[in-house]
Amino acid sequence: MKYDKFQYDRIFEILKHKIESGLMPKGTMLPSFADLCKEYKVSNKTIRRVVAMLSDAGLIETKERQLSVVIFDQTDPANDHADNLKAPNVPIMTDILKTAEILYYPFICYGISLCNKSDWDIPEKIVRQLNPKLPNLFWKNSKLIWRFFIARCENELSLHIVDALGFLGVEYRENSFYSRVAYQQTLIDFIEKSRKETPTSDAIKDFLAYIHFITISRDDFRCYVPADSPFRIGVQGLDQWMKTAEERYSSVYLDILGLIAIGYYQPGDRLPSHAQMQKQYGVSVNTTTQAVQCLQKWGVVEATRGKGIFVSTNIQALNDIPLDPRLIASHIRRYFECLELLSLTVEGVACHAAAHVSDEQIHELIQRLDEAKIYGSLYQPAPIVLLEFLTEHIPYETLQSVYAIILKNYRIGRKIPKLINGANASRKLEIHRKCVEAANALIGGDRSAFAKQAAEMFTYTNQLIIEECKRLGYWKTVKDIYDGSQLWK
């Protein structure tokens, strides 16, 4: 498979979590290479690489011509690194916890609502394996339950972010055996009720509020983290995603194609130099060289040593580009995940951002929205202006970093061939109108209305983009290549 390299870390993390959570306890035989290839839809070479990574991590033992065996024992004191943990930096921890509350409560609620009767098998197995007599292991594995609900949303972008926030490395310490018993029983009761009938939104919120009350809100709440945990040094490197070399340079040439499509670059225009592109896209000279070579091969640009890189005047070449749909799918998938993340979280983010803006900044937003109306790109200008405004005024450093990543991924829309076009003028006007309405509510001092209207606009935009991608055939391509259920099943 062409993108096997993209899958290494992803499959490794899936199997690693299964082993460390006890879903694959010590002594479990891994499926055969053939079965793993079939399950994850990758090549034998990729599975061999993953198995080697698991072996190097001390999680499995491999023998020639035999199935690999799990050797990691989660109950072994040698695997408990609690003595090497340190106290978190309280201001940083508070910032991350607030970010999680705003960002991941909506995802957990959504993940719970998606679970059908059989889906509850996995969290129930984790919950029933929790041992209140082993507090460190108890709380470590309990976090995997919440990770499961986020994974159930099948949004890999959100899963990457929650892992980057460092929650799996947090060690919750308390001395009450009975509190652990109560916590476990609360989870079991909720799962059993949810199996019979999908819980309402209010029931889910009440459940999460009670969990918060008997854990983080307790007076004796104490936690410890590794020395390099985000809870001590802050969140770093959130934008380091799993990308193959091909995805890096395809991101550059797709962006250039998108800018040509919206008229930002006209035939005959000079493109940025390699040095300027490296700075703009955060890539190496080798990456920009490969991107330009692709564009040259397709006849889209002409490069002359000493003069520069120019958009071709051959209009036919600009309209007939042989792009691999599977490559486009990797970018579209990330775009879809970004749109979903926005739809689920932006109302809470907008509420907090709105509390930290001045009248002058609101009027600047209105002015920028007025300027955005003159551009001709599909769905993009006004939502990006509003998203930039929100990101700039988020009061929590961690949440601001996350939304900077969302903003970066939101711009992928202009890289998708044929998505940006001159059609659907009425819909573009409707999107712009919704953005302006939200801004006007902010001028009137109604933060709640601003947040609600911003959320409605991004949800509306999300629905339109999905509709358009289905019409163009992109949606099916993404679904055929990326099986999101692998993140949680």
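Cut-offs applied
Residues numbered from 1 in each chain as written. Predicted model: local features only at pLDDT ≥ 70, side-chain atom pairs only at ≥ 80, totals over all residues. Heavy atoms only, no water. Helix = DSSP H or I, 4+ residues; strand = E, 2+ residues; numbered from the N terminus. Expected span 1.5 Å × (residues − 1). Buried < 20%, exposed > 50% of the residue type's maximum accessible area, 1.4 Å probe, protein only. Contact = heavy atoms within 4.5 Å. pLDDT = per-residue confidence, 0-100. Pairing = 2+ DSSP bridges. Salt bridge = Lys/Arg side-chain N within 4 Å of Asp/Glu carboxyl O.

A few words on helix H8 (residues 177-196). For H8, spanning 20 residues, the distance from its first C-alpha to its last is 30 Å, which sits close to the expected 28 Å at 1.5 Å a residue. Those residues of H8 lying buried are Ser-179, Arg-180, Tyr-183, Gln-184, Thr-186, Leu-187, Ile-188, Phe-190, Ile-191 and Ser-194. Turning to H8, the residues buried within the fold contact helix H4 (90-114), helix H5 (121-129), helix H6 (135-151) and helix H9 (201-214).

Summarising the model, the chain shows a mean pLDDT of 84, and 88% of its residues fall at 70 or more. The low-confidence segment residues 1-5, where pLDDT is below 50, has 17 contacts with residues more than four positions distant or belonging to other chains.

Now for the pairing of strand E5 (residues 301-304). In this sheet, strand E6 (residues 308-311) lies alongside E5 in antiparallel orientation, the contact comprising four bridges. In the strand pairing of E6, Thr-304 is matched with Gly-308. The turn joining E5 and E6, which pair antiparallel and follow one another in sequence, is formed by three residues; a positive phi near 85° is taken by Gly-306.

Further remarks concern the pattern of salt bridges. The final tally for this structure, using the stated rule, is 17 salt bridges. The residue Arg-152 makes a salt bridge to Glu-154 at a minimum N-O spacing of 3.8 Å. Residue classification places Arg-152 among the buried residues on the basis of a relative accessible area of 11%. Overall, Glu-154 belongs to the partly exposed group, its relative accessible area being 30%. Note that Glu-156 and Arg-333 form a salt bridge whose closest N and O atoms lie 3.0 Å from each other. With Glu-156 in helix H7 (residues 156-164) and Arg-333 in helix H15 (residues 325-354), this residue pair connects regions lying 177 residues apart in the sequence. With relative accessibility at 8%, the residue Arg-333 sits in the buried group. Each of the salt bridges in this network shares a partner with another, and the network as a whole consists of Asp-121, Glu-124, Arg-128, Glu-192 and Arg-195.

Take the environment of Leu-134 next. Within the fold, Leu-134 resides in the loop between H5 and H6. Spatially, the C-alpha atoms of Leu-134 and Arg-180 are 9.7 Å apart, while their sequence positions differ by 46 residues.

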